[in-house]
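Take a look at the letters that make up each chain.
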Amino acid sequence: VSLELQEPKLYKMGWDEFFRAQLSEDERTDFVIARVVEPLRGLSRVACALGEIWAECPDGVGVGDWVLGTPRGAFEKEKRLSVERILDRKTKLSRTAPSGKRFEQILCANADAAFIVVAMTQALHLPGIERALEAATIGGILPAIVLTKADACDNSDEVLSEVNSVAGGTPIHTVSVTNGTGLDELSGYFGMDRLVVLLGASGAGKSTLTNYFIETDAQLVSGTRERDEKGRHTTTARRLHFLPGGGMIVDSPGIRELQLWKEPETPTKTKETKKARAPRRSSRFEEDG
Ligand SMILES: Nc1nc2c(ncn2[C@@H]2O[C@H](COP(=O)(O)OP(=O)(O)OP(=O)(O)O)[C@@H](O)[C@H]2O)c(=O)[nH]1
Ligand SMILES: [Mg+2]
């Protein structure tokens, strides 16, 4: 399958010169290019010029990754891709996996913007917001803070000024899906086929926002506990969705803890240095549950 034939569809999925430039001459003629929409154990879901298909992906693949593979069997019929390699990432949102110190977990690859989603009705956790901002910035992603459930908040000014104190100039948007307010302001982030990843605690309203933008009820939503407004970890997988008007959104499971990932130091060759163990590959399935 030639690249030229695939590209009109790929551009709508965020394909650009950054990724194109990584392909060799051979890879421009014989391979299928796809974007990972849902990494799963075993086969993952990827979107390509033919639509959404199954793919065998290497370990360490993240939602949003661009991959390159060969069709297995009769491509049209079997619709299965054998992925050969993951293209270099333009941006990366990652953290240290919740259970251990040696895993890098990819929360999203190649996102253009990150919405740090915070419910105005939940107790604010300012250090969490700061860490999310830092993770986005380190990964090369434009962050924005989205304060949700404005309709159910009676101390908006207070919340806004507290969040403002840690925002460091990051844009803050106050929205309500219930009332339909503030949402138009967010549309700009999806323009030009860009990818926005949602990050935030359980119950913050990420899936509700996702459903609003994709104009379906694809993502399950459930109520928060009355006692403390905490969520129930309803979303359990990372999934990329296409907006009807262009652009993409990644809904994520609620984050309990966002520990920044640090690359292990590369060992210098001195007498004392023992052979440093390579870090284990990212566990893409480890979630806060
Ligand atoms: N009043 C009000 N409630 C909202 C709004 N947006 C979401 N909610 C409610 O908040 C609760 C949690 O919403 P979800 O979208 O499931 O939250 P989530 O961030 O996806 O949660 P997890 O999947 O557990 O991480 C649901 O009961 C929603 O109906 C809003 O704008 N106003
Ligand atoms: Mg959810």
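Note that the structure is predicted; figures quoted are calculated from it, not measured.

**Q** Describe the coordination of the magnesium ion (ligand 2), naming the residues involved and giving the relevant values.
**A** The protein atoms donating to the magnesium ion (ligand 2) are S207 (OG) and T235 (OG1), with metal-donor distances spanning 1.9 to 2.1 Å. Here S207, found in helix α8 (residues 206-214), pairs with T235, found in the loop between α8 and β12 (239-242); they are 28 residues apart in sequence, far enough to count as distant. This pair shows no difference in class: S207 is buried, exactly as T235 is.

**Q** Which residues make up the site of ligand 1, and what values go with them?
**A** As a structural note, the neighbourhood of ligand 1 is formed by 22 residues, with D151, S202, K206, T208 and T235 the closest of them. Contacts to ligand 1 include S207, whose backbone N or O atom sits 2.9 Å from an oxygen atom. Within the backbone of H233, an N or O atom sits 3.2 Å from an oxygen atom of ligand 1. Out of a free accessible area of 650 Å², ligand 1 has 86% covered by protein chains. Looking at the shell around ligand 1, its residues break down into six nonpolar, 13 polar and three charged.

**Q** Explain the pattern of salt bridges to me, using residue names and the numbers behind them.
**A** For the structure on display, the rule yields eleven salt bridges. Measuring nitrogen to oxygen at the nearest pair gives 2.4 Å for the salt bridge that ties D16 to K90. Note that D16 is positioned in the loop between α1 (3-12) and α2 (17-20) and K90 in the loop between β5 (80-86) and β6 (92-96), a separation of 74 residues in sequence. A relative accessible area of 22% means that D16 is categorised as partly exposed. By sharing partners, the salt bridges in this structure join E38, R45, E52 and R239 into a single network.

What counts, and at which threshold
Residues numbered from 1 in each chain as written. Chains lettered and ligands numbered in written order. Predicted model: local features only at pLDDT ≥ 70, side-chain atom pairs only at ≥ 80, totals over all residues. Heavy atoms only, no water. Donors = N, O, S within 2.8 Å, 3.2 Å for Na, K, Ca; no water. Helix = DSSP H or I, 4+ residues; strand = E, 2+ residues; numbered from the N terminus. Buried < 20%, exposed > 50% of the residue type's maximum accessible area, 1.4 Å probe, protein only. Near = heavy atom within 4 Å. Polar contact = N/O pair within 3.5 Å; in protein donor to acceptor, adjacent residues only side chain to side chain. Areas by Shrake-Rupley, 256 points an atom, 1.4 Å probe, with all protein chains shown as cover. Nonpolar A, V, L, I, M, F, W, Y, C, P; charged D, E, K, R; others polar. Salt bridge = Lys/Arg side-chain N within 4 Å of Asp/Glu carboxyl O.

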